[in-house]
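Residues per chain, in single letters:
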Amino acid sequence: MKHTVQKRICAVLTASLLTASFAALQVSAKDFVPSEVNAKHEYRYNLLLGTNINVDSCVSRSDWQDYLYDPTRGIKVIDTMVDPHDPFKTIQPRIDNVLRTYGGSYEYNETGICCLANMERTYDYFKGLGYTPSQPVYAAINSEAAISSSSRTDKREEAKCTSVNGSPVLMFGIGSADTAKESATYFQGCDLDIVTHEYMHMITCTRFGWEYGNLETQALGEAYSDIMAELRQTNPDWKVAADSYIKNRQRGNKAYCLRDLADPSRTNCPELPNNYNFTTYPEMQASNRSVTPGECSTVISHAAYLMYQKGLTAETLRKIWFASLDYLNPATASNATFADCKTAVCAAALDYFRANGGRYYMSGYLTVMDAFYEVGLE
């Protein structure tokens, strides 16, 4: 496939990304070339991430399909013919997909490598919290050849968690069509927030079925995914998916994001300009319009932000919030409410601070309680 993703990326990356420091690296073609099939290799530089990365992978070939494969973690990255506007289509791996060479001229799928790197980092993050998937996880990247620019909209191409033949599949869209617009986004798999968000969806959907259920249940799925994505940072910025916006990177800021968890009402999301994200539970309940799970989720994720602002570290909070899944009532977890979430997080916090807080353990527990109180969950 001669029209490569790398060519598209080069067309949209601006001079602000290709700084003198990048040029000083003097990246050559050989830095992007894999070893032979089934051999382990590294990629030294990635334009989308803007940094050096190491990828523990090999190119695996079976049943006439190629994919990037990390055998240690059980992660496979495939290209697809799936149109994100039709989520009910079956995933069909392409034969000429992830990585190819043509007579010494190297065809390199930047998005595939970037997605694999982020999947590996996310796998390790959740492994550190005690979770490893029971089966291989697929990451499906949407091919630009399969989805023409004319068929795309100015809205971000969706990332989502789904399953095919019982295997979990995290799908990452190719980004917006018109890169000159404020709403323009990169390939979704290049944003670590988005990859972590969808990975957490995989966990809660598999465990509780949180893609269904009532409004608050679906909102909890969005909130936990946002929270766990932010808490992987030592110093969270609390702006979900800010790095996916082309204009943010060009301007060196984080003006745009999918949701601003520090101040939900000030979320600046150019492709969703009419959304209003709630800060408190009473505010959400008083709304007389149709609301979405994403808009309601910020009540819970803002509570997590307040816990951080009040002095609890990201490391402490990620352990408490992830452990709180174990404190949900198994009989009712598939239809969990915000009140159920508060009960579970507070119970997880109490046990955590009893074990780690010494004689001052109650102060940490009360910080968690106060945060929920401030968002109206008394």
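My aim in this report is to walk through the structure given alongside it, one point at a time.

Reading the values: rules and limits
Residues numbered from 1 in each chain as written. Predicted model: local features only at pLDDT ≥ 70, side-chain atom pairs only at ≥ 80, totals over all residues. Heavy atoms only, no water. Helix = DSSP H or I, 4+ residues; strand = E, 2+ residues; numbered from the N terminus. Contact = heavy atoms within 4.5 Å. Areas by Shrake-Rupley, 256 points an atom, 1.4 Å probe, with all protein chains shown as cover. Buried < 20%, exposed > 50% of the residue type's maximum accessible area, 1.4 Å probe, protein only. Polar contact = N/O pair within 3.5 Å; in protein donor to acceptor, adjacent residues only side chain to side chain. Phe/Tyr/Trp six-rings, centres within 6.5 Å; stacked < 30°, edge-to-face > 60°. Disulfide = S-S within 2.5 Å. Salt bridge = Lys/Arg side-chain N within 4 Å of Asp/Glu carboxyl O.

**Topic: the overall build of the chain**
Here's step 1: Secondary structure assignment for the chain yields 11 helices and 10 strands.
Here's step 2: The contacts in the chain between residues at least 6 apart in sequence include a share of 64% that link residues at least 24 apart.
Here's step 3: Working note: accessible area of the chain is about 16,700 Å², and carbon and sulfur atoms make up 49% of it.

**Concerning the side chain of His-201**
Here's step 1: Secondary-structure assignment places His-201 in helix 4 (residues 192-208).
Here's step 2: Take His-201: its relative accessible area is 10%, and that puts it in the buried class.
Here's step 3: In this structure the side chain of His-201 is engaged in a polar contact, spanning 3.0 Å, whose partner is the side chain of His-197.
Here's step 4: Polar contacts involving the side chain of His-201 include one to the side chain of Glu-222, which spans 3.2 Å.

**Let's talk about the packing of aromatic side chains**
Here's step 1: Tallied over the entire structure, the rule returns 13 aromatic pairs.
Here's step 2: Summarising the aromatic geometry, the rings of Phe-126 and Phe-322 are spaced 5.7 Å apart at their centres and angled 50 degrees between planes, so their arrangement reads as tilted. Remark: Phe-322 occurs in helix 9 (residues 314-323) and Phe-126 occurs in helix 3 (residues 110-127); sequence separation between them is 196 residues. Here Phe-126 matches Phe-322 in class, with each residue buried.

**A look at the state of the cysteines**
Here's step 1: Applying the stated criterion across every chain, the model contains zero disulfides.
Here's step 2: Sulfur of Cys-205: no disulfide; nearest cysteine sulfur belongs to Cys-161 and is 5.1 Å away.
Here's step 3: Its relative accessible area of 17% is what places Cys-205 among the buried residues.
Here's step 4: This cysteine, Cys-269, is not joined by any disulfide, and Cys-257 carries the nearest cysteine sulfur, 7.2 Å off.

**Some points on the pattern of salt bridges**
Here's step 1: For the structure shown, the criterion picks out 13 salt bridges.
Here's step 2: The residue Arg-266 makes a salt bridge to Asp-263 at a minimum N-O spacing of 3.3 Å.
Here's step 3: The class for Arg-266 is exposed, based on a relative accessible area of 65%.
Here's step 4: With relative accessibility at 26%, the residue Asp-263 sits in the partly exposed group.
Here's step 5: A salt bridge links Glu-374 to Lys-310; its shortest N-O distance comes to 2.5 Å. A residue pair is termed long-range when its members are at least 10 positions apart, and Glu-374 in helix 11 (residues 361-374) and Lys-310 in the loop between helix 8 (293-309) and helix 9 qualify at 64 residues.
Here's step 6: Classification of Lys-310 by relative accessible area gives partly exposed; the value is 35%.
Here's step 7: Residues participating in the shared-partner salt-bridge network are Arg-73, Glu-120 and Asp-124.

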